[in-house]
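What the coordinates show
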Amino acid sequence: MPHGKKEGEVYREIDLHGKRFIIRYGYYDERERQSSYNEPIPIFPDFIASPVYTDDGYPFVTAIQDTCACFEGRNDENGCHGCKYYESGDDLIGICKCPLNSKK
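Residues numbered from 1 in each chain as written. Predicted model: local features only at pLDDT ≥ 70, side-chain atom pairs only at ≥ 80, totals over all residues. Heavy atoms only, no water.

**Quick look at the layout of surface pockets**
- There is about 290 Å³ of room inside the largest pocket.
- Along its surface, the largest pocket is lined by 20 residues, and P59, V61, Q65, C68 and N101 are the ones closest to its centre.
- If you list the elements that add at least two residues to the lining of the largest pocket, you get β4 (60-62) and β6 (93-96).
- Residues of the lining of the largest pocket, tallied by class, amount to 16 nonpolar, three polar and one charged.
- Estimated volume of the second largest pocket: approximately 170 Å³.
- In terms of lining residues, the second largest pocket is bounded by Y28, F44, P45, D46, F47, I48, T62, I64, Q65 and D66.
- Class assignment of the residues belonging to the lining of the second largest pocket gives a composition of six nonpolar, two polar and two charged. (1 Å grid on protein atoms, 1.4 Å probe; cavity = no way out; pocket = protein on both sides within 12 Å on 5 of 7 lines; lining within 4 Å. Points joined across faces, edges and corners; volume = space filled by probe spheres on them. Helix = DSSP H or I, 4+ residues; strand = E, 2+ residues; numbered from the N terminus. Nonpolar A, V, L, I, M, F, W, Y, C, P; charged D, E, K, R; others polar.)

This is the structure in structure tokens:
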């Protein structure tokens with residue numbers, strides 16, 4: 001991360017499957033904000049708390065989010081990126097292609 005980024009500044013905009021995600025610098029929790037050694041980092045959407053779906057009905061996920069019950073891979077502690085259903089998108093945002101998680 002470049003030095004001197006401010007909380008709320010845009011890290012980047014990601015267009016994926018017809019959806020736009022604006023990723024801003026910030027903190028995931030208050031402890032990070034209070035530390036004098038932590039600078040803001042890119043904050044990716046919480047697709048577990050606020051699901052977003054492709055037009056085909058597949059959920060967006062981040063590569064590092066907690067895995068779901070459908071996880072199939074070697075190590076679920078590493079997040080969705082290790083699952084056979086994870087389809088990489090842009091940066092850390094991808095799609096879960098598990099038929100059980102599809103809305104269609």
